[in-house]
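A structural walkthrough
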Amino acid sequence: MNGVAFIVIAIFTLAAALAAATLRKLMHAALSFAVALVGVAAFFFLLGAEFVGLALVFIYIGAVAVLIVFTILLTRRDTGKDHGFNWAGAIIAVAVFGGLTWAILKTQSLVIVAPHTPALTVKRIGVALMTTYVWPLQCVGLLLTAALIGALILVLEEKP
Amino acid sequence: MIKSIDQVFVNAKHWLLSWLAGWPNWATQVVSSLINILALLAVFLTLFALLSVLERKILARIQNRYGPNRVGPFGLFQPIADGIKMLIKEDIVPVRADKIVHFLAPVLIAAVAILTLGVIPYGRNMTPFTIDCGILFFFAVGSATELAVFMAGWGSNNKFSMLGAMRAIAQMISYELPLIITVLPVVMVVGSLTADRIVAAQADYTYGVVPRWFAFTPWGLAAFILFFISGLVESNRTPFDVPEGESEIVAGHMTEYSGFKYATFFMAEYLGMFAISGLAVTLFLGGWHAPAHALEFIPSYVWFFAKLSALLFVYVWVRGTLPRTRIDQMMNFAWKFMLPMAFTCIVAAAVWHYAGRGLRGWLWSLLVIAIVYSGLSILLDTKRKFAPRVYRFAE
Amino acid sequence: MNSWVVAYLWLIPAAPFAASLVILSLSNARRKSAAALAVAGQALALAMSMVAFALSMQAPGFRAVQNFTWFTFGEQALRLGFVLDPLAAAMLVMILLVGLCIFVFSIGYMAEDKNFTRFFAYLSFFSGAMLGLVIANSLLLLFIFWELVGLASYLLIGFWIEKPSAAAAAKKAFITTRIGDMGFFLGMLWLYGRSGTLLFYNGGNGCLESASLAILGASATFIALLIFCGAAGKSGQFPLHVWLPDAMEGPTPVSALIHAATMVAAGVFLVARVYPLFSLGAINGVTSSLTVVVWIGVTTALMAALIAIAQSDIKRILAYSTVSQLGLMMVSLGVGGVAAGILHLLAHGFFKALLFLGAGSVIHGCHGEQDIRKMGGLRRFMPVTFVTYAIGMMALSGVPFFFSGGWTKEEILHATANWPRSHVPYYLMLAGVILTALYMTRQMIYVFFGKPRVAAERAHESPRVMTVPLIVLALGAILLSVVLTPAWPWLHDYLVGEPVHFEFGRLIQPMLFISLVLVGAGIAVGFWMYRKAGLPDRGRPAEVDPLEYAQPALFRFLANRIWIDELYDRTVIAFSWMAARLSDWMDRYFWDGLVRGLGGLGQLFGIFTTSVDERGINAGVDETTAGTRGLGRLMSAAHSGQIQTYLGAVAIGMLALLLLYAWLA
Amino acid sequence: MTPTLQVFLMVSAALFSIGLLAALSRRHAIFILIGIEMMLAAANLNFIAFWRFGAQHQPPIGVIIALFSIAIAAAEAAVGLAMVIAVYRHYRTTNVDQFDRLHG
């Protein structure tokens, strides 16, 4: 397929992700998070699931990133002070990464090349969503409205 | 012969590509997309330049004056003058501003604008970037503008720009919803997200004269109008240009920008306008189809750009006539009128489809829209709607 | 032939009942209307029974039945009914005639009593019940009226409720008759059980008709004997006679009506009514039940007659004479002379009522004095009473010819004579006749002859309202003999249901002479023994009774009613008292102990469970809770509240799983 | 070298652990949310990778689950951020270490 593209995108996303995790400034971290997500979307494009990639971009960058940025804005009073870095967390994260890689490398069955697949059209996804997975779709709709209302109530400030 | 004229650009491209027969496959792909990009940029930058001056001339004519006519014949070289002006101005960056974010903002916003242009079919098989879910791509990328605007506001470390950015984002988010929901009926009726299929669906003509454009169906017209209004808001154009309202907060999130960065902002705004109206044309005005069977002989791209310029004229016309709306009026209008109407368009489209897509469907969907519209207008009686403005100062 | 009379037969008992109800509702002051109502009720009933009597005379062996359903339970219907046959018709007439005379007499006798109206209410109630009993066609209906009669007798005996002796006597009467009635009731149940119906005559399948009698078979004798217990109780036969003499506590008309003519006769009537039960399977007229009846009758007659001789109370003598006469009737029924028994019953009803009313007017005259030893020579002061009393005495002792008593007694003797089982009853009955004559002459001499003693000074003749019934009854006692003579035995044949024909030849019967001799002997002995009664004679003080002087031990034995009451006290009363104490002891100690023991057991169990609960379960639970709380506190220390520690823990957990997986695989 | 499933999984594991790193090591509340979002994105990557490399089920189950998980992640992010704001209003700080009212 496109090894080169894969490598480029991989490096790009991981770098952005690492930046998001380690950058001092909160705003930069948030923005690099957005960039990392674009990387992940690129991965999805690479894997042939354009729709999901676009959905990811649309939802995450369109909404979540903006939300994060807004939250940073609303909690401005102490963004200046750096809360410091907790090394124990880093060690655990590395350990987990080690464990995961060990597990992945150990299982040889994963070493397979992507079979040729018919292009995933939005129609197939649409049909699947609307027939077999119509209930989960409704539930997710319900969940989203509930989350919306919940978030609003949480943040709603009673006028004095 | 007509066909060859119609396909002249496409053939040109193939001709160019034929030069690279021996190169590996991915290389030819890269080159072909490069060609597309260059063509796209060329066309739309010239259009940008043209429009900037035309806009000022039309505005002037509306205000009963001439507008720029000193530079070149009828002031046509005015954009070049502006361009040069912008380039040679000093690029001031606020001291404690967040330099990276400050710098990246205009870049991102321009990139996004150009990206959205890539999906629109300008003529018969003249779509620069054909992917399965074209419209979704358009909106996915489009949504990055909010982030860019925020970066601009945040990066310039200036209260006014921050406030301007907040207002712009609030405005754009509120109108993003109606924008997308009005697109839904078209996608639903056509059954696909790819722009080409949408345009193809509007090819036929009823009774040979009336084209099957969606704009001529009741729900299509309503959706088109709503889409157009949301387009105005998305590109921060006149009735809704609160963010950079000169009288209130200087240039909104663009206050701290000068020189070339400001030019890019300005360009991005226009490109955004082209993209939105281009999409409007593809979705509702039958893309590059001729308005009547008889006029088929005129090449497709001519029709596309004709319709595009008509819409742009309306943009400028609107800018010239309507006063600026208050931010809370705009918000109420979005949530209380636009959104319900957008939903009714979907229902109307469904009714239109199930009532047989013919005259009967036409009447039924008209009825639905009329009922909801009148109901909403009664409900949102202006006297009561605009509650006294509550001044809440930022904590 | 159910003419309208039979259909409205129930009106006869209904009239006195209605009268009694109305009188009860009147206040005590309305004396005149109460008396009028009672007499009217009686007269109406008499008229109707006259009509019924006329109807029953149309054909020999007349029987008309009027049955109706009282109520149905499930598909079983309980049927009652009224019957009109010679036996019932005769009894109706006798009861009403005697009753009417007694009602009129008691108007005078009870004049100064303050509960005058209540007395008449009870009297008419009693007569209504008695009439109902007589015409009942179902043993159940008969039993119902039987009980009402018992109730009436209780009310009337205990009429003077303020007198404790009267109340005790009423109670005693009621209880002894009830003991008998229990036997009657059992018999009735047994009969119903076997024959399925209590109707006497029901067109072929009544319990007294041949169809169901055949079903009864051997049990008929036992049923008969049980029913005889009721009869014995009510008619004062040997074991259950003790209440009759004490019943003299009631006013004299009551004694006259109830304890002479009607109620006591009910027992005999009952035996006569259910005679087929007694005589089922009779071998030439003798069945075991009938023999029992005979021997009971004989013992009662002799015993009562002997006791009567030694009594000093005028009414007690008559009471014992009634008991002995009833014994005689039972004997006659037992030996098979049903008609003779009934005849004697009817005749006895008239002259015994006469005697009682005579005694009543004597008592009234002597201002309530009942002890004959304080009376004497009253014949000069109360001539009418004396004459009617003498007629009654003659009839009672059985002087033949003019007096009805003679004829009926003679017939009974004739029937007892040819009783196949044994001749002893015959001879004893002869002795009975002598004794009867003896004690009656004793009484006559004591009361009417000799020198007037203490109570006699202010004696005066009773008013006309009392003497007229006496005269009527006396005439009745004499004229009745017209239909009783063997020459024209109209009443006998009427009862038996054979056509009567006049035959002069049969007038003189050998039995006539025997009875003449016996009665003469009796009177002679009486005169001889008691001519000096009440006067000091050859070393005998005045007030001492000649028999007592002659045989003091025997006299005292008889005077005390041969110690039967004391016997009962010692046996029955003692026994019941003992049974009461035993059940009290059982209840107090045995059952109570048992229950208290169970309670104790429960308490014990309670104590046990609480202790287990306290030490075992609670302690255990407390320990575990303490343990868990400690563990909880330990665990909570791990929760630092920091979100990141939790997230770290999750990650470490995942790692541990991976390691475990690695170590396992 | 065309990328095999294993390599994809390596990348998503890396992304996941970077997310974990962000969530664990940074004391700022919003970092935790960013960390979580990254972990979720890694999971989605896994879904799509397995869908692409695995047996082609007729309804593209991997894609659909990825879609749903994106939607849910968005909802979760919204509520999470709302909570961060609410907590900030109460604590006047976003330093996670100081949110320890629920300690043992």
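Residues numbered from 1 in each chain as written. Chains lettered and ligands numbered in written order. Predicted model: local features only at pLDDT ≥ 70, side-chain atom pairs only at ≥ 80, totals over all residues. Heavy atoms only, no water.

Looking only at helices and strands, chain C has 26 helices and two strands in total. Out of the 665 residues in chain C, the part that is buried amounts to 54%. Pairs at least 24 residues apart make up 77% of the contacts formed inside chain C by residues separated by at least 6 positions. Of the roughly 27,700 Å² of accessible surface on chain C, 72% is carried by carbon and sulfur atoms. (Helix = DSSP H or I, 4+ residues; strand = E, 2+ residues; numbered from the N terminus. Buried < 20%, exposed > 50% of the residue type's maximum accessible area, 1.4 Å probe, protein only. Contact = heavy atoms within 4.5 Å. Areas by Shrake-Rupley, 256 points an atom, 1.4 Å probe, with all protein chains shown as cover.)

A few words now on the pattern of salt bridges. Pairs can form between side chains of opposite charge whenever their charged atoms are close. Residue and element names in this part refer to chain C. What the rule picks out here adds up to 21 salt bridges over all chains. In this structure, Lys 163 engages Glu 249 in a salt bridge whose closest nitrogen and oxygen atoms are separated by 3.3 Å. With a gap of 86 residues between them, Lys 163 in the loop between α6 (139-157) and α7 (164-195) and Glu 249 in the loop between α10 (243-246) and α11 (252-261) connect regions that are remote in the sequence. Lys 163 gets classed as partly exposed once you look at its relative accessible area, which sits at 32%. Notably, a salt bridge pairs Asp 584 with Arg 588, separated by 2.9 Å at the nearest N-O pair. Within this pair, Asp 584 and its partner Arg 588 are both found in helix α25 (residues 564-638), separated by four residues, close to a single helical turn. Note on Asp 584: relative accessible area 37%, which makes it partly exposed. (Salt bridge = Lys/Arg side-chain N within 4 Å of Asp/Glu carboxyl O.)

Our focus in this paragraph is the interface of chain A and chain D. Taken together, the 79 residues of chain A in the interface contact 73 residues of chain D. Between chain A and chain D the total buried area reaches about 7,100 Å² when both faces are included, carbon and sulfur atoms providing 79% of it. For the pair chain A and chain D, the interface holds zero salt bridges. Where chain A packs against chain D, one counts nine residue pairs in polar contact (both at pLDDT 80 or more). At the level of secondary structure, the elements contributing two or more residues to the side of chain A that touches chain D comprise α1 (3-22), α2 (26-46), α3 (50-74), α4 (87-106), α5 (122-130) and α6 (134-155) of chain A. (Buried area = accessible area lost by both parts, 1.4 Å probe. Polar contact = N/O pair within 3.5 Å; in protein donor to acceptor, adjacent residues only side chain to side chain.)

So, about the confidence of the model for chain C. Residues of chain C with pLDDT of at least 70 account for 99%, and the chain-wide mean is 85. Quick note on the complex model: pTM equals 0.54, ipTM equals 0.68. (pLDDT = per-residue confidence, 0-100.)

Further remarks concern the packing of aromatic side chains. Inspection of the entire model under this criterion finds 58 aromatic pairs over all chains. Geometrically, the ring pair formed by Trp213(B) and Phe216(B) is stacked, given 5.7 Å between the ring centres and 10° between the ring planes. A relative accessible area of 41% means that Phe216(B) is categorised as partly exposed. Look at Phe227(B) and Phe284(B): their rings are 5.7 Å apart centre to centre, the planes differ by 55°, and that puts the pair in the tilted class. Here the residue Phe227(B) occupies a position in helix α10 (residues 218-234), and Phe284(B) occupies one in helix α12 (residues 259-284), the gap between them amounting to 57 residues. Taken individually, Phe227(B) and Phe284(B) each receive the classification buried, so the pair is uniform in this respect. Its end group placed over the ring of Tyr201(C), Arg63(C) keeps NZ or CZ at 3.7 Å from the ring centre. (Phe/Tyr/Trp six-rings, centres within 6.5 Å; stacked < 30°, edge-to-face > 60°. Lys NZ or Arg CZ within 6 Å of the ring centre and 35° of its normal.)

Contacts between chain C and chain A engage eight residues on the former and eight residues on the latter. The contact between chain C and chain A buries some 650 Å² in all, and 90% of this surface belongs to carbon and sulfur atoms. Of all residues in chain C, Met654(C), Leu655(C) and Leu658(C) give up the largest surface area on contact with chain A, accounting jointly for 52% of the area buried on that side. In this assembly, chain C and chain A are joined by zero salt bridges. At the junction of chain C with chain A, the criterion picks out zero residue pairs in polar contact (both at pLDDT 80 or more). Here the side of chain C that touches chain A is composed, by residue class, of six nonpolar, two polar and no charged. (Nonpolar A, V, L, I, M, F, W, Y, C, P; charged D, E, K, R; others polar.)

The next point concerns the packing of helix α2 (residues 11-25) of chain C against helix α5 (residues 116-135) of chain C. Residues and elements named next belong to chain C. At a closest axis distance of 8 Å, the pairing of α2 and α5 adopts a crossing angle of 160°. Regarding the angle of α2 to α5, the classification is roughly antiparallel. Handedness of the α2/α5 crossing: left-handed. Residue-level contacts link Ile 12, Pro 13, Pro 16, Phe 17, Ala 19, Ser 20, Ile 23 and Leu 24 of α2 to Thr 117, Phe 120, Ala 121, Ser 124, Phe 125, Ser 127, Gly 128, Ala 129, Leu 131, Gly 132 and Ile 135 of α5. Of the residues belonging to the contact of α2 with α5, the class tally is 13 nonpolar, six polar and no charged. (Axes fitted to C-alpha atoms, helices over the stretch in contact; angles between N-to-C directions. Parallel < 35°, antiparallel > 145°, perpendicular 65-115°, else oblique. Left-handed = near helix turned anticlockwise from the far one by under 90°.)

If you check the backbone angles, Asn125(B) has positive phi at about 35° while not being a glycine. As for its placement among the helices and strands, Asn125(B) is situated in the loop between α5 (99-117) and α6 (134-142). The class for Asn125(B) is exposed, based on a relative accessible area of 53%. With phi around 35°, Ile562(C) is a residue other than glycine that occupies positive phi space. Relative to the helices and strands, Ile562(C) is located in the loop between α24 (552-559) and α25.

The next point concerns the nonpolar core. Inside soluble globular proteins, nonpolar side chains tend to come together where they are buried. If you look at the biggest cluster of nonpolar residues, it comprises 213 residues, and the most contacted ones within it are Leu139(C) and Leu277(C). In this structure Leu139(C) touches Phe184(C), Met188(C), Leu191(C), Leu198(C), Phe200(C), Ile227(C), Leu270(C) and Val274(C), once residues within four positions along its chain are discounted. (Core = buried A, V, L, I, M, F, W, Y, C linked by side-chain atoms within 4.5 Å.)

Further remarks concern the pairing of strand β2 (residues 76-84) of chain C. Residues and elements named next belong to chain C. Pairing of strand β1 (residues 64-73) with β2, which is carried by nine bridges, proceeds in the antiparallel orientation. Each residue of the ladder has a partner; that of Gln 66, found in β2, is Phe 82. Hairpin connection of β1 to β2: two residues between the antiparallel strands, including Gly 74 at a positive phi of 65°. (Pairing = 2+ DSSP bridges.)

Bringing the side chain of Glu37(D) into the picture now. Tracing the backbone through its elements, the reader meets Glu37(D) in helix α2 (residues 29-53). In this structure, Glu37(D) is buried with no salt-bridge partner, the nearest side chain bearing the opposite charge being Arg26(D) at 17 Å. (Lys, Arg positive; Asp, Glu negative; His and termini not counted.)

Right, let's talk about helix α4 (residues 78-88) of chain B for a bit. Residue and element names in this part refer to chain B. If you check which residues of α4 are buried, you get Gln 78, Pro 79 and Met 86. In a view along the axis of α4, the buried residues occupy a sector of 95°, so they form one face of it. Among the exposed residues of α4, those oriented more than 90 degrees off its buried face are Ile 80, Leu 87 and Ile 88. The inward-facing, buried residues of α4 abut α3 (25-62) and α12. (Arc of directions from axis to C-beta.)

Here we take up a nonpolar patch on the surface. All names here are of chain B. A cluster of nonpolar side chains, Leu 50, Leu 54, Phe 74, Leu 76, Phe 77, Ile 80, Ile 84, Leu 87, Ile 88 and Phe 260, forms an exposed patch at the surface whose accessible area comes to about 1,000 Å². Secondary-structure elements contributing two or more residues to the nonpolar patch are α3 and α4. By residue number, the principal contributor to the nonpolar patch is α4, which donates four residues. Mapping Leu 54 onto the fold places it in helix α3. Judged by its relative accessible area of 34%, Leu 54 falls in the partly exposed class. (Patch = residues over 30% accessible without salt bridge, like charges linked within 9 Å, V, L, I, M, F, W, Y side chains within 5 Å.)

Bringing the packing of helix α15 (residues 314-335) of chain C against helix α16 (residues 338-365) of chain C into the picture now. All names here are of chain C. Following both chains from N to C, one finds α15 and α16 inclined at 175°, their axes separated by 10 Å at the closest point. Taken together, the axes of α15 and α16 lie roughly antiparallel to each other. Contact with α15, carried on its side by Ile 314, Lys 315, Leu 318, Ala 319, Ser 321, Thr 322, Gln 325, Leu 328, Met 329, Ser 332 and Leu 333, involves Val 338, Ala 340, Gly 341, His 344, Leu 345, His 348, Lys 352, Leu 355, Phe 356, Ala 359, Val 362 and Ile 363 of α16 and no other residues of that element. By residue class, the composition of the contact of α15 with α16 is 14 nonpolar, seven polar and two charged.

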